[in-house]
Amino acid sequence: MQGYWDNLSGLSAKVVMVKSNLINIDTRLTKEYSALRKLNCNVALLCWNREKKDLLGEYSQIETLNLRAPYGVSGIFLLPIWELYVLVKLLVEDYDVVHVVNFDSFIPSLVAAKIKGKSIIYEIEDTYEDQIRLPSPLRELIFRIDKYLLKFADAIILVDNCQIQEFRGLSNPNVHVIYDSPPDASHTFSDRSPEESIFKIFYPGVLFRARRLNIDAVIEFVMKTDNVQLTISGYGDMVDQINQLAERMPDKIRYVGWIPDRETLFQMMHNSDATFVLKDPSIPLNKYICGSKIFEAMMCSIPVIVNRGTSAAKKVKESNCGLIVDVSDENDLHNALLRLINDQKYKEQLGINARKAYDQVYHWMIMEEKLLRLYSDLLVRNNTSASKKDGSQ
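As the structure is a computational prediction, the values presented were derived from the model and not from experiment.

Visitor: Tell me about the overall build of the protein chain, and name the residues and values.
Guide: The helix and strand tally for the protein chain stands at 16 helices and 13 strands. Taking all 393 residues of the protein chain together, the buried fraction comes to 51%. Taking as baseline every contact in the protein chain between residues at least 6 positions apart, the subset at least 24 positions apart corresponds to 66%. Carbon together with sulfur atoms contributes 51% to the accessible area of the protein chain, which is approximately 18000 Å² in total.

What follows is the structure, encoded as structure tokens:
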């Protein structure tokens, strides 16, 4: 692969990446930022600093709207200020490509790019109308607008192939699915002691009740099953409840806070026996987007338990790297966990299958190559069009 990119070393462009939160808390955007630097792109960032956090020093070219605002529907009334900020900045700044993430930043980015005759890439990490859980009529209106405007982008990036099903087809033919896989950290892993007999379940991620994550179902199993421990990492409005359980039953429940260092997080996952992604499929965001957790489990060679009716379940079934359950059936989840606890060879085989799926299908290098090919094709096309235009003058 390196030889292919060496042939493109003459390409360069200034890219502005636009998103309504900080790159500091977006692991996907940080990976894309680093990948584009490999293509000689000069990458600038346009972000909304909703929490007025300190910025990471390595991102020197960054413009931020420093306006404190909550996430979700309660912050929607401040959205016009962000959109105006994006429009003005993109009309003033010099760039070749706008890479905009999600609908809340797409319209002003699209208007500015079209006025200036620049290319625009629209990345749909999640449908905004589902992320903030709007009333059905308003959701449908925004959904229709979003779907209509897709055709004006030069390229679309999806984070899951099931998003095509959610949109009921896409009007733009230049669509690229790039999963949110982690970079391979397996070379840093050290194995846990074989003398450890406790069955360890690890959950890293957001801890918001509105996401309907069904963590409570796993906690219930752990509390009444011997020799099983659940470790939780993350942030959200469930933290107080989890902390109380951890203080009351420290041998059963551990809360380790938010772990920003990915190698430390993946080491903990690798040394666990299983993880789970039990999102409620009645929420479209859960149904159509699998997220990053199943790919992290694959990279770490551990099985994952997922809820039936989700995109994650489809990928687990295809790879045979975990168990699919109906989390509304308490016995279904408990039987799946007991099978992993009681059948070591089966658990290990699922872990082997998981790593194979990561290496062959979902490895970050595969995703990175898709991103770079998208950009290289777009830049070559832009350079060709510019040359023809200059030649005709």
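Visitor: I'd like a description of the packing of helix H8 (residues 215-223) against helix H14 (residues 330-342), backed by residues and values.
Guide: A pair of packed helices can be characterised by two numbers: the angle between their axes and the separation between those axes. Two elements in contact, H8 and H14, have axes separated by 10 Å at closest approach and are oriented at 55 degrees. Between H8 and H14, the angle falls in the class oblique. Regarding H8 and H14, the two cross each other, and that crossing is right-handed. Only Glu 330, Leu 333, His 334, Leu 337, Leu 338 and Ile 341 of H14 make contact with H8, whose side of the interface consists of Ala 217, Val 218, Glu 220 and Phe 221. Its residues assigned to classes, the contact of H8 with H14 shows seven nonpolar, one polar and two charged.

Visitor: Just give me the short version of a nonpolar patch on the surface, but keep the residues and values in it.
Guide: Judged by side-chain polarity, Leu 84, Val 88, Leu 91, Val 92, Ile 107, Val 111, Ile 115, Leu 138, Leu 141 and Ile 145 come together as a nonpolar surface patch covering roughly 850 Å² of accessible area. The set of elements that each furnish at least two residues to the nonpolar patch consists of helix H3 (79-92), helix H4 (103-116) and helix H6 (136-149). No other element matches the four residues that H3 contributes to the nonpolar patch. Mapping Val 88 onto the fold places it in helix H3. Taking relative accessible area as the criterion, Val 88 reaches 44% and is therefore assigned partly exposed.

Visitor: Tell me what's going on with the side chain of Thr 275, and back it up with residues and numbers.
Guide: Topologically, Thr 275 is positioned in strand E11 (residues 275-277). The exposure class assigned to Thr 275 is buried, which follows from its relative accessible area of 3%. Side-chain polar atoms of Thr 275 contact the backbone oxygen of Phe 202, separated by 2.6 Å. Apart from the residues lying within four places of it in its own chain, the contact partners of Thr 275 are Phe 202, Tyr 203, Pro 204, Met 269, Ala 297, Ile 302, Pro 303, Val 304 and Ile 305.

Visitor: So what's going on with the layout of surface pockets? Which residues, and what values?
Guide: Here the second largest pocket is characterised by a volume of approximately 430 Å³. Every residue lining the second largest pocket is counted, 23 residues in all, and those nearest its centre are Arg 192, Ser 272, Asp 273, Gln 344 and Lys 347. When contributions to the lining of the second largest pocket are tallied by element, the ones reaching two or more residues are H14 and helix H15 (344-362). It is H15 that contributes the most residues to the lining of the second largest pocket, five residues altogether. Looking at the lining of the second largest pocket residue by residue, the classes come out as eight nonpolar, nine polar and six charged.

Visitor: Go over H15, please, and point to the residues and values.
Guide: For H15, built from 19 residues, the straight-helix expectation of 27 Å at 1.5 Å per residue is met to within 8% by its first-to-last C-alpha distance of 25 Å. Those residues of H15 lying buried are Tyr 346, Lys 347, Leu 350, Gly 351, Asn 353, Ala 354, Arg 355, Ala 357, Tyr 358 and Tyr 362.

Visitor: Describe the pairing of strand E4 (residues 97-101), listing the residues and the values that go with them.
Guide: With respect to burial, E4 is a largely interior element, five of its five residues being buried. In E4, alternate side chains face the same way, and those of Val 97, His 99 and Val 101 on one face and Val 98 and Val 100 on the other are all buried. Note that strand E1 (residues 13-19) and E4 share four bridges and pair parallel. Residue pairing for E4: Val 15 is matched across the bridge by Val 97. As paired elements, E4 and strand E5 (residues 119-124) share five bridges and run parallel to each other. Note that in E5 the partner of Val 98 across the bridge is Ile 120. Running through H4, the crossover from E4 to the neighbouring parallel element E5 is right-handed.

Visitor: Residue-level account of the environment of Tyr 346, with values.
Guide: Within the secondary structure layout, Tyr 346 lies in helix H15. Sequence separation of Tyr 346 and Gly 322 is 24 residues, and the distance between their C-alpha atoms is 9.9 Å. Ignoring anything within four residues of it in the chain, the contact list for Tyr 346 reads Leu 323, Arg 339 and Leu 340.

Visitor: Tell me what's going on with H6, and back it up with residues and numbers.
Guide: Here H6 contains 14 residues, and its C-alpha end-to-end distance of 20 Å stays within 8% of the 20 Å for a straight helix at 1.5 Å per residue. Restricting attention to buried positions, one finds in H6 the residues Arg 139, Ile 142, Phe 143, Asp 146 and Leu 149. The buried residues of H6 occupy one face: seen down the axis, they fall within an arc of 135 degrees. Away from its buried face by more than 90 degrees, H6 exposes Ser 136, Pro 137 and Arg 144.

Visitor: Can you explain the confidence of the model for the protein chain? Please cite residues and give values.
Guide: A low pLDDT means the predicted coordinates there should not be read in detail. Within the protein chain, residue pLDDT values average 88, and 89% of them lie at 70 or more. At the level of individual helices and strands, the protein chain shows its lowest average pLDDT in helix H1 (residues 2-6), which scores 46, and its highest in strand E13 (residues 322-325), which scores 98. Low pLDDT, under 50, characterises residues 1-9; the predicted model gives this stretch twelve contacts beyond four residues in sequence or across chains.

Visitor: So what about the pairing of strand E9 (residues 228-233)? Which residues, and what values?
Guide: Of all six residues in E9, six are buried, a share of seventy percent or more. Of the two faces of E9, both are covered, the one formed by Val 228, Leu 230 and Ile 232 as well as the one formed by Gln 229, Thr 231 and Ser 233. As defined by bridge partners, strand E8 (residues 199-204) adjoins E9 across six bridges and the pair is classed as parallel. Bridge pairing links Phe 199 to Val 228 in E9.

Criteria and cut-off values
- Residues numbered from 1 in each chain as written.
- Predicted model: local features only at pLDDT ≥ 70, side-chain atom pairs only at ≥ 80, totals over all residues.
- Heavy atoms only, no water.
- Helix = DSSP H or I, 4+ residues; strand = E, 2+ residues; numbered from the N terminus.
- Buried < 20%, exposed > 50% of the residue type's maximum accessible area, 1.4 Å probe, protein only.
- Contact = heavy atoms within 4.5 Å.
- Areas by Shrake-Rupley, 256 points an atom, 1.4 Å probe, with all protein chains shown as cover.
- Axes fitted to C-alpha atoms, helices over the stretch in contact; angles between N-to-C directions.
- Parallel < 35°, antiparallel > 145°, perpendicular 65-115°, else oblique.
- Left-handed = near helix turned anticlockwise from the far one by under 90°.
- Nonpolar A, V, L, I, M, F, W, Y, C, P; charged D, E, K, R; others polar.
- Patch = residues over 30% accessible without salt bridge, like charges linked within 9 Å, V, L, I, M, F, W, Y side chains within 5 Å.
- Salt bridge = Lys/Arg side-chain N within 4 Å of Asp/Glu carboxyl O.
- Polar contact = N/O pair within 3.5 Å; in protein donor to acceptor, adjacent residues only side chain to side chain.
- 1 Å grid on protein atoms, 1.4 Å probe; cavity = no way out; pocket = protein on both sides within 12 Å on 5 of 7 lines; lining within 4 Å.
- Points joined across faces, edges and corners; volume = space filled by probe spheres on them.
- Expected span 1.5 Å × (residues − 1).
- Pairing = 2+ DSSP bridges.
- Right-handed = clockwise from strand over helix to strand, strands pointing away.
- Arc of directions from axis to C-beta.
- pLDDT = per-residue confidence, 0-100.

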